[in-house]
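Structure assessment
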Amino acid sequence: MTDADLGSPRAQGPGGTATSGLEALDLDQQLALTGERTVPGIPAENYWFRRHEIAYRHIAADCAGLDVLEAGSGEGYGAAMIADAGASSVICVDYDTAAVEHTRRRYPGLVVHQGNLVDLPLAAASVDVVVNFQVIEHLWDQPRFIAECRRVLRPGGRLLISTPNRITFSPGRDTPLNPFHTRELDAAELTALLVDGGFEVEAMLGVVHGARLEALDARWGGSLIDAQIERALAGEPWPDELTDDVAGVAADDFDVVDARDAEIDESLDLFAVANRA
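Because the structure is a prediction, the values reported are computed rather than measured.

Reading the values: rules and limits
- Residues numbered from 1 in each chain as written.
- Predicted model: local features only at pLDDT ≥ 70, side-chain atom pairs only at ≥ 80, totals over all residues.
- Heavy atoms only, no water.
- Salt bridge = Lys/Arg side-chain N within 4 Å of Asp/Glu carboxyl O.
- Helix = DSSP H or I, 4+ residues; strand = E, 2+ residues; numbered from the N terminus.
- Buried < 20%, exposed > 50% of the residue type's maximum accessible area, 1.4 Å probe, protein only.
- pLDDT = per-residue confidence, 0-100.
- Contact = heavy atoms within 4.5 Å.
- Right-handed = clockwise from strand over helix to strand, strands pointing away.
- Arc of directions from axis to C-beta.
- Polar contact = N/O pair within 3.5 Å; in protein donor to acceptor, adjacent residues only side chain to side chain.
- Pairing = 2+ DSSP bridges.
- Axes fitted to C-alpha atoms, helices over the stretch in contact; angles between N-to-C directions.

This part covers the pattern of salt bridges. Counted under the stated rule, the structure contains 13 salt bridges. Put simply, Asp186 and Arg166 hold a salt bridge, and the shortest N to O gap is 2.8 Å. Pair noted here: Asp186 is in the loop between helix H5 (166-169) and helix H6 (187-196) and Arg166 is in helix H5, with a separation of 20 residues, a long-range link. By relative accessible area, Arg166 is classed as partly exposed at 26%. Each member of the salt-bridge network shares a partner with another, and the members are Arg50, Glu53 and Arg57.

Shown next, in the form of structure tokens:
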């Protein structure tokens, strides 16, 4: 079972715009699926890719006219979406050499730096928004990373973080189910991390299955996720029906709910919106 099978898009180290999505890619355009990140263009990986894509879709328009840093940019598709939505500038930082080289090649309109997320290669107060999607769970020193985000943000700047909800992602476990994760968080823990780091949490959101995915859950014995993972663990080939169902998932099949209106602990992923205090 790979990290991608468990829904994690990228691993971090110690401490002209382009379109994005599930378009057909030549092999020399596609970042290898090593198990450390999700990538577009692989039908069997499509559920996880779309589950991450919905967070970018949710915030892309709000980044128009702003200077944005994606801290932990992975394949680069998310940063490209933000750029396409009209951001004034988009800077990417990622630790992985292969990911950095791929992003530079496939998305030449982006500025991409190789660097450590707990020592960001940016000047203080240099960006309006920091995006960190499905990355913080990989970091050993999460408070130091939050401090770095605060340093590079301008006064009033916004930090956007998504991460797997520990309660639903690794239920009943003291250590993460995903071997690439160092520390997973629930909503209360993520809130405390942000507040302790000098941020005001504007909203705590959650990513959940919409009606179409709920129907697919029912079709696959209660969980489309488990249907994928069980076959990966067993090394079994997927039936055509499962391949087709996974390949057909769209970002719009996920809903984003607010903790003020829904039970946030039941969400699949958490999505925090925080402002630099």
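Below, the discussion takes up the confidence of the model for the protein chain. Summing up the model confidence of the protein chain, the mean pLDDT is 87 and the portion of residues at 70 or higher is 86%. Under a pLDDT of 50 for its full length, residues 1-28 has, in the predicted model, 106 contacts with residues more than four places off or in other chains.

The element strand E2 (residues 89-94) is largely enclosed, with a buried count of five among its six residues. At this point the chain moves from strand E1 (residues 67-71), through helix H2 (residues 77-84), to the parallel E2, and the crossover so formed is right-handed. Handedness of the E2-helix H3 (residues 97-106)-strand E3 (residues 111-114) crossover: right-handed.

So, about H3. Along H3, the residues classified as buried are Ala99, Val100, His102, Thr103 and Arg106. Axial view of H3: buried residues confined to an arc of 165 degrees, hence all on one face. Those residues of H3 hidden inside the fold are in contact with E2 and E3. At the N-terminal end of H3, a side-chain oxygen is found 3.3 Å from the backbone nitrogen of Ala98, two or three residues along, and the residue is Asp96.

Turning our attention to the sheet that holds strand E5 (residues 153-164). Strand order in the open sheet made by the eight strands is E3-E2-E1-E4-E5-E8-E6-E7, with mixed pairing throughout. Two strands in the sheet have a free side with no partner beyond their single neighbour: E3 and strand E7 (254-258). The sheet shows a mean angle of 20 degrees between the axes of neighbouring strands, direction not considered. Judged from the four bridges that link them, E2 and E3 form a sheet pairing that is parallel. Among the inter-strand pairings, Ile91 is bridged to a residue of E3, identified as Val111.

This part covers the pairing of strand E4 (residues 127-133). The element E4 is largely enclosed, with a buried count of seven among its seven residues. In the sheet, E1 pairs with E4 via three bridges, with the strands oriented parallel. Its bridge partner lying in E4, Leu69 is registered against Val130. Running through helix H4 (residues 142-152), the crossover from E4 to the neighbouring parallel element E5 is right-handed.

Another point: the environment of Asn275. With respect to the helices, strands and loops of the structure, Asn275 is situated in strand E8 (residues 269-276). Among the residues examined, Asn275 registers a relative accessible area of 18% and is labelled buried. When the C-alpha atoms of Asn275 and Pro155 are compared, they prove to be 8.7 Å apart, with 120 residues separating the residues in sequence. When sequence neighbours within four positions are dropped, the list of residues in contact with Asn275 reads Gly157, Arg158, Gly198, Phe199, Glu200 and Glu202. Here Glu202 takes part through its side chain, which lies 3.0 Å from a polar atom of the side chain of Asn275.

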